[in-house]
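# Summary of structural features
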Amino acid sequence: MRHRNWTAIERRALLRAYPALREFSVALSGQLDGSIELLEAPAGHRLFDDGDACTHLPLLIDGSVRISKRGPNGEEIFLYHVRAGDTCALSTAALLGEAPYAATGTVETSVVLGAVPRPVFLTWVLKSPPFRTFVFHTLSRRMSELMALVDDVAFRGVAERLAARLLQHPHPVEATHQTLADEVGTRREVVSRILEQFQHSGWIRLGRKRIELLDRRALGVRHRIEEA
């Protein structure tokens, strides 16, 4: 993680990504200049881990952070991405509740972000209605997404979850079988077997770190494949 000074371009980018900051009072606007650290981190860097203390709210200007949860057996399930204009629901909840992180945040593509210290974040929530609305609206949306994920994991088969995940990726899907396994919460071998079955059915074409979707309609139909 590298600290550096703000530039005028990055300051404008922050305000574009987070319009609520543009509605600050004069007093709160002054905190934008003196209280937020500008940080850079490369792909693969771990921003925080399960159990770490949460001291700052990350406001992303560029790049992507992957939020995931690891089980006792080391398997990982993807929760959500944080990108420019987003807030991290786990960070928000931890800051509000003075609690540690409950998952892991890993830089997926190199990021530039502003780190807002907890006392400054709480001041903004208390004194800026637009910022407060933004924070709680984002938190509510993320909670809905996480409840949908719980529903998927608890009540849908792996094949269904994998089909849904393939449809959510940009086309063609440029992801390894391990990445897809992490996203649907299963083992790589299971994903590889289901993808081969999808290919045999004529729904996809497999390549090296590349999956072409040939029949999106078939993938969109709820289906189950018996795992051997």
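Use the structure listed above.
Sequence positions are assigned chain by chain, starting from 1 and proceeding in written order. Thresholds applied to this predicted model are a pLDDT of at least 70 for local features of residues and 80 or more for the giving and counting of side-chain atom pairs; totals over whole chains, interfaces and linings are not thresholded and use all residues. Excluding hydrogens and water, the side-chain figures rest on all heavy atoms present in the structure.

### Side note on the overall build of the protein
To qualify as a helix, a DSSP run of H or I must reach at least 4 residues; to qualify as a strand, a run of E must reach at least 2; elements of each kind are numbered from the N terminus. A tally of helices and strands in the protein yields nine helices and eight strands. With respect to the three principal axes, the spread of C-alpha positions in the protein is 60 × 35 × 30 Å. Only protein chains enter the accessibility calculation, which uses a 1.4 Å probe. A residue is then buried if its area is under 20% of the maximum for its type, exposed if over 50%, and partly exposed in between. Counting every position in the protein, which comprises 228 residues, the buried fraction comes to 46%. A contact between two residues is defined here by any heavy atoms of the two lying within 4.5 Å. For the protein, the proportion of contacts with a sequence separation of at least 24, taken over those separated by at least 6, is 70%.

### A few points about the environment of isoleucine 211
Its place among the elements puts isoleucine 211 in strand 8 (residues 210-213). Residues isoleucine 211 and proline 172, spaced 39 residues apart in sequence, show a C-alpha to C-alpha distance of 5.8 Å.

### Considerations on helix 4 (residues 118-127)
Of the positions making up helix 4, those classed as buried are Val120, Phe121, Trp124 and Val125. What you see down the axis of helix 4 is that its buried residues fit within an arc of 135 degrees, all on one side. In helix 4, the exposed residues that point more than 90 degrees away from the buried face are Pro119, Leu126 and Lys127. Here, the arc refers to the directions that run from the helix axis to the C-beta atoms.

### Quick notes on the nonpolar core
Counting 47 residues, the largest nonpolar core has Leu21, Ile67, Trp124 and Phe131 as its most contacted members. Those residues in contact with isoleucine 67 that lie beyond four places of it in its chain are Phe48, Phe78, Leu79, Tyr80, Val82, Cys88, Leu90, Ala103, Thr104 and Gly105. Grouped together as the second largest cluster of nonpolar side chains are 21 residues, Val158, Leu162, Ala163 and Ala181 included. Here the nonpolar core consists of buried residues drawn from Ala, Val, Leu, Ile, Met, Phe, Trp, Tyr and Cys, with membership extended through side-chain atoms lying within 4.5 Å.

### Remarks on the state of the cysteines
A pair of sulfur atoms, both from cysteines and within 2.5 Å, is called a disulfide here. Per the stated rule, a full pass over the model turns up zero disulfides. Cysteine cysteine 54 is unpaired, with the sulfur of cysteine 88 as its nearest cysteine sulfur at 7.7 Å. Cysteine 88 sits in the buried class, given a relative accessible area of 1%.

### Topic: the pairing of strand 6 (residues 104-117)
The element strand 6 is extensively covered by neighbouring structure, given that 11 of its 14 residues are classed as buried. Strand pairing follows a simple DSSP-based rule, namely that at least 2 bridges must link the two strands. Bridge count for strand 2 (residues 37-41) against strand 6 is five bridges, and the pairing is antiparallel. Bridge pairing in strand 6 links glutamate 37 to alanine 115. Across two bridges, the pairing between strand 3 (residues 46-48) and strand 6 is antiparallel. Bridging across to strand 6, arginine 46 finds its partner in threonine 106. Relative to strand 6, strand 4 (residues 56-70) runs antiparallel, the two sharing 11 bridges.

### Notes on the packing of helix 6 (residues 158-168) against helix 7 (residues 177-184)
To get an axis, a line is fitted to the C-alpha atoms, and for a helix only the part in contact is used. The angle between two axes follows their N-to-C directions and goes from 0 to 180 degrees. Put simply, helix 6 and helix 7 touch, their axes get as near as 10 Å, and they point 115 degrees apart. Here helix 6 lies roughly perpendicular to helix 7, going by the angle between them. As for the relative orientation of helix 6 and helix 7, their crossing is right-handed in sense. Contact residues: Arg161, Leu162, Arg165 and Leu166 in helix 6; Leu180, Glu183 and Val184 in helix 7. Throughout, the term roughly parallel applies to angles under 35 degrees, roughly antiparallel to angles over 145, roughly perpendicular to angles from 65 to 115, and oblique to all others. Should the near helix be turned counterclockwise from the far one by less than a right angle, the crossing is left-handed, whereas a clockwise turn marks it as right-handed.

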